[in-house]
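Breakdown of the fold
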Amino acid sequence: QDAHGYTGETTSGGLQQAYMDNVADFLRRTTAHGIYVVAVMDETPHNAHYDEIAVRKDGAAVHPEVCGYNRQYLTGGAIAAKCAAAGDFIRSLKRMEPGLLNGILGWSMANEVFVAANEGPFTRTEGRIDGISGKFYDFGVKEERQAYYDDAILFTANAFADAVKTEDPQALTTAGMWTSDAHGRPPFNGVLPDGKDMRFCPRPAVLATTASRLDFLDIHIYPWDGTSTVRKEAHEYATLSISHKAVLVGETGVFKDKTPAQARVCLQEMVTQAYAMGYAGHLMWIWDLSMVPGQTWSAVEEGLGGFAMELGPKSTIP
């Protein structure tokens, strides 16, 4: 709709109605074509209303050491603002046309969850810091640094799931993520800089346990190292395989360093491995970004969309 998205101008007090009208129109169209939608509530909403919620929730606990991108998962105020926006979003759709909610496969707290190791508090390598649940963690100990992240992501996921289900008890909730093999790391790494990408994804096992109130996981699979191997250890498959939660491959695709023929092989091998692991379905990234440099092969190119749709019993393309 504009640069401010669904929250409207920074001085506004809620959702932008023109944006919500577009969402409703989109859902009518997808429903008419039998397409289900994953609604992604990325990042922290900002305007006068949601900023006030964040400030009020944080109160004296402003967590000055937590900064930048990391605040959305590690501070109570940012989490409260996201949850309020999710509830407002669902209520808005219910007021306009309640049946549209039936076309939403799931509500996702982020397309790809991660924290940045070069932003606070992970720039610290010693001392104690309190988490959003009030527990203290020793940042000089790798295991406690990881526990700080694990506990915060679980807290955020549960708060988001509760906010969604308060407004729509039948709704499904999820979180999108890649896995540690994207950077050649083990799943448990303590969020310690290692000379690679500063972004650290969550551990799948944390969000797959019974302590997580998410309904399914959305794991993204790409040929990270140039091969189409889906590494079970990076997916923490030992935990996922006994989890009660379904896993959707919410993104899979191949970058253009591969030829179309090679892309077909990679897609087939990755999807085949995912289904063999019991994953519930796959979606190809993406329909058409063929005009954007550095993107993956689009579904509209080289017949790859039709090819991807034939790979699994319930495959589709966003």
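None of these values were measured; they are calculated from a predicted model. (Residues numbered from 1 in each chain as written. Predicted model: local features only at pLDDT ≥ 70, side-chain atom pairs only at ≥ 80, totals over all residues. Heavy atoms only, no water.)

1. Section: helix α1 (residues 17-32)
Taking 1.5 Å as the rise per residue, α1 with 16 residues should run 22 Å; its terminal C-alpha atoms sit 23 Å apart, in good agreement. Residues of α1 that are buried sit in contact with β1 (37-40), α4 (76-96) and β2 (104-108). After α1 finishes, the residue Gly-34 shows a positive phi value of roughly 70 degrees. (Helix = DSSP H or I, 4+ residues; strand = E, 2+ residues; numbered from the N terminus. Expected span 1.5 Å × (residues − 1). Contact = heavy atoms within 4.5 Å.)

2. Considering the sheet that holds β1
In spatial order, the strands read β1-β2-β6; together these 3 strands make up an open sheet with parallel pairing. Edge positions in the open sheet fall to β1 and β6 (173-174), since each of these has one partner strand only. Sheet topology note: the β1/β2 ladder contains 4 bridges and is parallel. Across the sheet, Val-37 pairs through a bridge with Ile-104, a residue of β2. (Pairing = 2+ DSSP bridges.)

3. Details of the pairing of strand β11 (residues 281-284)
Every second residue of β11 is oriented toward a common face, with Gly-281 and Leu-283 on one face and His-282 and Met-284 on the other, all of them buried. Pairing of strand β10 (residues 246-252) with β11, which is carried by 3 bridges, proceeds in the parallel orientation. Bridge pairing in β11 places Leu-248 opposite Gly-281. For the crossover that starts at β10, traverses helix α8 (residues 260-276) and ends in the parallel β11, the hand is right-handed. (Buried < 20%, exposed > 50% of the residue type's maximum accessible area, 1.4 Å probe, protein only. Right-handed = clockwise from strand over helix to strand, strands pointing away.)

4. Structural notes on the packing of aromatic side chains
Note on aromatic pairs: each is described by the distance of the centres and the angle between the planes. This model, assessed by the stated rule, comprises 12 aromatic pairs. Each ring, one from Phe-114 and one from Trp-178, has its centre 5.7 Å from the other, and the planes form 35 degrees; the classification is tilted. Of the two residues, Phe-114 sits in the loop between β2 and β3 (115-116) while Trp-178 sits in the loop between β7 (176-177) and β8 (199-200), which places them 64 residues apart along the sequence. Classification of Trp-178 by relative accessible area gives buried; the value is 3%. Their ring planes at 80 degrees and their centres at 5.1 Å tell us that Phe-139 and Tyr-148 sit as a pair that is edge-to-face. (Phe/Tyr/Trp six-rings, centres within 6.5 Å; stacked < 30°, edge-to-face > 60°.)

5. Observations concerning the side chain of Ser-212
Relative to the assigned elements, Ser-212 resides in the loop between α6 (204-208) and β9 (216-221). Of the residues examined, Ser-212 reaches a relative accessible area of 4% and is grouped as buried. Of note is the side chain of Ser-212, whose polar atom sits 3.0 Å from the backbone oxygen of Leu-207. With residues up to four places along the chain from it excluded, the contact list for Ser-212 reads Leu-154, Asn-158, Val-206, Leu-207 and Lys-245. (Polar contact = N/O pair within 3.5 Å; in protein donor to acceptor, adjacent residues only side chain to side chain.)

6. Here's the deal with unusual backbone geometry
Excluding glycine, a negative phi dihedral is what most residues carry, and trans is how most peptide bonds are arranged. Gly-120 connects to Pro-121 through a cis peptide bond whose omega is 10 degrees. Here Pro-121 lies in the loop between β3 and β4 (128-130). Residues Trp-285 and Ile-286 are joined by a peptide bond in cis, for which omega reads 10 degrees. In this structure, Ile-286 sits in the loop between β11 and α9 (304-309). In this structure, Val-191 is a non-glycine residue whose phi angle is positive, near 50 degrees. At Glu-236, a residue that is not glycine, the phi angle is positive and equals roughly 50 degrees.

7. What to know about α4
Taking 1.5 Å per residue, 21 residues should reach 30 Å; α4 reaches 30 Å between its end C-alpha atoms and fits that length. Burial analysis of α4 places 17 of its 21 residues in the buried class, which makes it a mostly covered element.

8. A closer look at the pattern of salt bridges
One pass over the full model with this rule turns up 16 salt bridges. Glu-167 is the partner of Arg-91 in a salt bridge, and the nearest nitrogen-oxygen pair spans 2.6 Å. A residue pair is termed long-range when its members are at least 10 positions apart, and Arg-91 in helix α4 and Glu-167 in helix α5 (residues 142-167) qualify at 76 residues. Judged by its relative accessible area of 30%, Arg-91 is partly exposed. Residue Arg-203 is joined to Glu-236 by a salt bridge in which the shortest nitrogen-to-oxygen separation is 2.9 Å. With Arg-203 in the loop between β8 and α6 and Glu-236 in the loop between β9 and α7 (237-240), this pair connects stretches of sequence that are 33 residues apart. For the pair shown, Arg-203 and Glu-236 are each scored as buried. Three or more residues joined by partner-sharing salt bridges are found here, namely Asp-88, Arg-91, Lys-94 and Glu-167. (Salt bridge = Lys/Arg side-chain N within 4 Å of Asp/Glu carboxyl O.)

9. Topic: the pairing of β10
Within β10, 6 of the 7 residues are buried, leaving the element largely enclosed by the surrounding structure. Sheet analysis places β9 next to β10, joined by 5 bridges and oriented parallel. Bridging across to β10, Leu-217 finds its partner in Val-247.

10. Brief notes about the confidence of the model for the chain
Looking at the chain as a whole, the pLDDT averages 93, with 96% of positions reaching at least 70. Within the model, the stretch residues 314-318 combines pLDDT values under 50 with 18 contacts to residues more than four positions away or in other chains. (pLDDT = per-residue confidence, 0-100.)

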